Amino acid sequence: MVRNHRVLEFYSGIGGMHYAFKASGHTGEILAAFDINNTANEVYRYNFCKEGRDVVVQRNIDSLPYTYFSSFAATLWLLSPPCQPYTRTGLQKGCADERAKSFLHVMDVLGNMERENMPEFLLVENVRGFETSSTRGALISRLTSLNYAYQEFLISPIQLGIPNSRLRYYLLAKKLPRAFSPALPAIDQVHNHIPRYIPERSSHTKQIKDYLEKLDASEGEKYRIKEKTLVKYGQLFAVYFFIKDVVKPSSQQSCCFTKGYYHYVEARGSIIQMNEDIDTTAFFSTDTTTSTVAAATVGADTVATSASTAASTYAILNLRYFTPSEISAILGFPRDFSFPEHISLKQRYRLLGNSISVEVVKRLIAYLLDE
Ligand SMILES: C[S@@+](CC[C@H](N)C(=O)[O-])C[C@H]1O[C@@H](n2cnc3c(N)ncnc32)[C@H](O)[C@@H]1O
């Protein structure tokens, strides 16, 4: 049966959920997209509200009463609340964290709405760590008391053959008597009720080069990792922080891109070594200020170039950041997604780092709404 869903997008950011819904094969309309962030909303409007209605509601979700949400009589709620209360590197204060407040408010809204206006379907996305939080406990008891069936998952895009790790918690809920079909064929590492993650590379994983753009000289310069950055931190830094984050065009993996990518050099997402011929691990484990780097170098030409200063030695690796377009492609945003020109590079990375894997959510929405 073809249904026209009435969709609310909470914490809409740059619209990852909107794209995922559009790509899910289901039909319907985003009635409103709630986010407090000016810049994110500007990007959202730029991509979705060019001609039509402006669906962006620039308000603090906490400040909106249940009668307001109820008035939409939406069939589907898509929610990607802030993750800071649950990140494993944070304080993990869960419900006690100020930033969890708006999501707790959304749960209260759900509990107070007229039954006929309650959504039939919900999807929640968050970081790994949410599954053990007090907020997740509150969410499950609210859903259970309101007669929703639910399933929970921990999924990384790498499981779908996308060369990127972004392990995230997902919860899908449907109002009873609707039930979930027992299996989700496209995603085989899905576990009902007890989130569990089995890292297992898909046999069809794409390569990083499938997502790379051709950069002209000035763009190449803009994204190049400057030698002074590497040299400033020194050899130890390179060994401990860089190697695990360096990928090549032929690689079939990359680390999760976070909102601090580009701003900080270390551990915020992968960087690319465009020179395929050099073994990164061997390179960084040799004394890069001398010609011993030659041991790590495959071709005779590169050996000759590599022997001088630390700076020029690093240069032969041809290290660069992923561009925002490459990151958006890896996340599954469509090609026509773009930023208004004046949005700075740092803001672009920040917004993308806060966003979602459109490809994973697309499949989950398809599964959730299949009847
Ligand atoms: C994890 S991001 C979601 C990103 C989004 N799904 C996307 O594709 O870009 C969380 C978003 O929630 C917004 N936010 C946080 N607290 C909020 C609140 N109380 N009311 C409205 N929006 C809020 C932030 O501005 C941020 O854009």
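Conventions adopted
Residues numbered from 1 in each chain as written. Predicted model: local features only at pLDDT ≥ 70, side-chain atom pairs only at ≥ 80, totals over all residues. Heavy atoms only, no water. UniProt positions renumbered as here; feature names shortened; annotations may be inferred. Core = buried A, V, L, I, M, F, W, Y, C linked by side-chain atoms within 4.5 Å. Buried < 20%, exposed > 50% of the residue type's maximum accessible area, 1.4 Å probe, protein only. Helix = DSSP H or I, 4+ residues; strand = E, 2+ residues; numbered from the N terminus. Contact = heavy atoms within 4.5 Å. Disulfide = S-S within 2.5 Å. Near = heavy atom within 4 Å. Polar contact = N/O pair within 3.5 Å; in protein donor to acceptor, adjacent residues only side chain to side chain. Areas by Shrake-Rupley, 256 points an atom, 1.4 Å probe, with all protein chains shown as cover. Nonpolar A, V, L, I, M, F, W, Y, C, P; charged D, E, K, R; others polar. Pairing = 2+ DSSP bridges. pLDDT = per-residue confidence, 0-100. Axes fitted to C-alpha atoms, helices over the stretch in contact; angles between N-to-C directions. Parallel < 35°, antiparallel > 145°, perpendicular 65-115°, else oblique.

Identification of the protein as tRNA (cytosine(38)-C(5))-methyltransferase from Paraglomus brasilianum is taken from an unreviewed UniProt entry. For the protein, the Sequence similarities (unreviewed entry) comment in UniProt is given as "Belongs to the class I-like SAM-binding methyltransferase superfamily. C5-methyltransferase family."

Chemist: Which parts of the structure should I look at to understand the nonpolar core?
Modeler: If you look at soluble globular proteins, the nonpolar side chains tend to sit buried side by side. One finds Leu123 and Phe322 to be the most contacted residues of the largest nonpolar core, which totals 66 residues. Sorting elements by how many residues they give to this core places helix H13 (residues 358-369) first, with 8 residues. Not counting chain neighbours up to four residues away, the residues in contact with phenylalanine 322 comprise Ile208, Leu212, Tyr223, Val247, Phe257, Tyr261, Ser270, Ile271, Ile272, Ile327, Ile330 and Tyr349. Grouped together as the second largest cluster of nonpolar side chains are 38 residues, Phe10, Ile61, Leu110 and Met113 included.

Chemist: What is the right way to read the state of the cysteines from this model?
Modeler: Cysteine pairs can be linked by a disulfide, which is a covalent bond between their two sulfur atoms. Summed over the entire model, instances satisfying the criterion amount to 0 disulfides. Cysteine 255 provides the cysteine sulfur closest to cysteine 256, a residue in no disulfide bond, and the two sulfurs are 8.5 Å apart.

Chemist: I'm lost on the site of the ligand in this one. Help?
Modeler: Near the ligand, the surroundings consist of 20 residues, among which Ile14, Asp35, Asn60, Ser80 and Ser355 are the closest. Side-chain polar atom of asparagine 60 to a nitrogen atom of the ligand: 2.8 Å apart, as the coordinates give it. The side chain of serine 355 places a nitrogen or oxygen atom 2.7 Å from an oxygen atom of the ligand. For the ligand, the accessible surface in isolation is 610 Å², of which the surrounding protein chains cover 87%. Here the residues of the shell around the ligand sort into 7 nonpolar, 10 polar and 3 charged.

Chemist: It is not clear to me how the sheet that holds strand S7 (residues 168-175) should be interpreted in this structure. Could you clarify?
Modeler: Backbone-to-backbone hydrogen bonds pair the strands of a sheet. The strands run either parallel or antiparallel. With respect to topology, 7 strands assemble into an open sheet ordered S3-S2-S1-S4-S5-S7-S6, the strand pairing being mixed. What marks the edges here is a single partner per strand, and that holds for strand S3 (56-57) and strand S6 (148-155). The pairing of S6 with S7 spans 8 bridges and is classified as antiparallel. Of the residues in S7, the one forming a bridge with glutamate 152 is leucine 171.

Chemist: I tried to follow the environment of arginine 45 on my own but got confused; where do I start?
Modeler: Within the secondary structure, arginine 45 is located in helix H2 (residues 38-48). A sequence separation of 78 residues divides arginine 45 from leucine 123, and the C-alpha atoms of the two residues are 22 Å apart. Non-local contacts of arginine 45, meaning those with residues more than four positions away in its chain, are made with Lys50, Asp54, Val56 and Gln58.

Chemist: What should I look at first to understand the confidence of the model for the protein in this one?
Modeler: Keep in mind that low pLDDT regions are not for reading the predicted coordinates in detail. Chain-level pLDDT for the protein is 84 on average; 79% of the residues reach the 70-or-more range. A low-confidence stretch, residues 185-199 (pLDDT under 50), is modelled with 33 contacts involving residues beyond four sequence positions or located in other chains. For the stretch residues 288-308, pLDDT sits under 50, and the model shows 33 contacts to residues farther than four places along the chain or on other chains. This prediction of the complex comes with two scores: 0.88 for pTM and 0.99 for ipTM.

Chemist: Explain the pairing of S6 to me, please; I cannot follow it from the model alone.
Modeler: Summarising burial for S6: 8 of the 8 residues are buried, a large majority. Burial along S6 is two-sided: the residues Tyr148, Tyr150, Glu152 and Leu154 and Ala149, Gln151, Phe153 and Ile155 are all buried.

Chemist: Can you help me understand the packing of helix H4 (residues 101-112) against helix H5 (residues 134-145) in this one?
Modeler: For any two helices packed against each other, one specifies the inter-axial angle together with the distance between the axes. Contact geometry for H4 and H5: axes closest at 10 Å, N-to-C directions at 10 degrees. Taken together, the axis directions place H4 and H5 in an arrangement best described as roughly parallel. Residue-level inspection shows Phe103, Leu104, Met107, Asp108, Leu110 and Gly111 of H4 in contact with H5, the latter providing Thr135, Ala138, Leu139, Arg142 and Leu143.

Chemist: Looking at this structure, how should I read the pairing of strand S5 (residues 121-127)?
Modeler: Remember that side chains alternate between the two faces of the sheet whenever the strand is regular. Most of S5 sits inside the fold, with 7 of its 7 residues counted as buried. The sheet contact formed by strand S4 (residues 76-79) and S5 spans 4 bridges and is parallel. Bridging from a neighbouring strand, leucine 78 pairs with leucine 123 of S5.

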